[in-house]
Amino acid sequence: VQLQASGGGLAQAGGSLRLSCAASGRTFSTYTMGWFRQAPGKEREFVAAIRWSGGSTYYEDSVKGRFAISRDNANNTVYLQMNDLKPEDTAVYYCAADSNPNSDYVTWAFEYDYWGQGTQVTVSS
C-alpha cells in the first residue's frame, strides 16, 4: 500500500483546511486509516482514525468537534476536514494505514503498517 497525503498549507486561526490521502492497493477498503501529526521538537501524536466501514471514528481530545475524518472506499481516499484551526494545530500531518481491521490500538502509531510522506499545516494567529 502506498499513501499520498495532500491538502496542507497555510491557514489563519479559525480557518479550515481539508487534507486528503490517496491510497493504492486493492485492500484499502479493509484497512483502518489514521491521521497523525508531528510538530517541531515533539513526538508524533494521534489525531483521528476511521474503521474500514466508516462506521467508527476516533479523535484526539483537542480536535474533537473541530476535525472530521471520513473515507471514500470507492476512490481509495481518506479525508481530514479541519475547522476552527488553532496555531497549536501547526504540524506535519501524516496519513497511515493499519491492515488489522479489528485493532484495539488505533490511536497508537506503532499499530500502523503503512505511512504517507506527510503534508505541512501551518496556522497563523
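Structure first, text after, so check above.
What counts and what doesn't
Residues numbered from 1 in each chain as written. Predicted model: local features only at pLDDT ≥ 70, side-chain atom pairs only at ≥ 80, totals over all residues. Heavy atoms only, no water. Helix = DSSP H or I, 4+ residues; strand = E, 2+ residues; numbered from the N terminus. Buried < 20%, exposed > 50% of the residue type's maximum accessible area, 1.4 Å probe, protein only. Patch = residues over 30% accessible without salt bridge, like charges linked within 9 Å, V, L, I, M, F, W, Y side chains within 5 Å. Areas by Shrake-Rupley, 256 points an atom, 1.4 Å probe, with all protein chains shown as cover. Salt bridge = Lys/Arg side-chain N within 4 Å of Asp/Glu carboxyl O. Core = buried A, V, L, I, M, F, W, Y, C linked by side-chain atoms within 4.5 Å. Contact = heavy atoms within 4.5 Å.

This part is about unusual backbone geometry. Glycine aside, residues mostly have negative phi, and peptide bonds are mostly found in the trans state. A positive phi angle, close to 50°, is found at Asn 76, a residue other than glycine. Along the chain, Asn 76 falls in the loop between strand 7 (67-72) and strand 8 (77-82). Asn 76 sits in the buried class, given a relative accessible area of 19%. Although it is not a glycine, Asp 84 sits at a positive phi angle of roughly 50°. Considering the arrangement of structural elements, one finds Asp 84 in the loop between strand 8 and strand 9 (91-98).

Let us look at a nonpolar patch on the surface. Taken together, the side chains of Tyr 105, Trp 108 and Phe 110 define a hydrophobic patch exposed on the protein surface, amounting to about 390 Å² of accessible area. On the secondary structure map, Trp 108 appears in the loop between strand 9 and strand 10 (114-115). Since its relative accessible area comes to 49%, Trp 108 is described here as partly exposed.

Counting 28 residues, the largest nonpolar core has Met 33, Trp 35, Val 47, Phe 67, Leu 80, Met 82 and Tyr 93 as the members making the most contacts within it. Put simply, the parts of the chain that give this core at least two residues each are strand 1 (3-6), strand 3 (17-23), strand 4 (32-38), strand 5 (45-50), strand 7, strand 8, strand 9 and strand 11 (119-124). With residues up to four places along the chain from it excluded, the contact list for Leu 80 reads Leu 17, Arg 18, Leu 19, Trp 35, Val 47, Ala 48, Phe 67, Ala 68, Ile 69 and Tyr 93. Core analysis: the second largest hydrophobic core is formed by six residues, Phe 36, Ala 96, Val 106 and Tyr 112 among them.

Time to look at the side chain of Ser 103. Among the secondary structure elements, Ser 103 is positioned in the loop between strand 9 and strand 10. You can call Ser 103 buried: its relative accessible area is 1%. Discounting chain neighbours no more than four positions away, the residues touching Ser 103 are Arg 51, Asp 98 and Glu 111.

Don't take any of this as a statement about function, it's just geometry.
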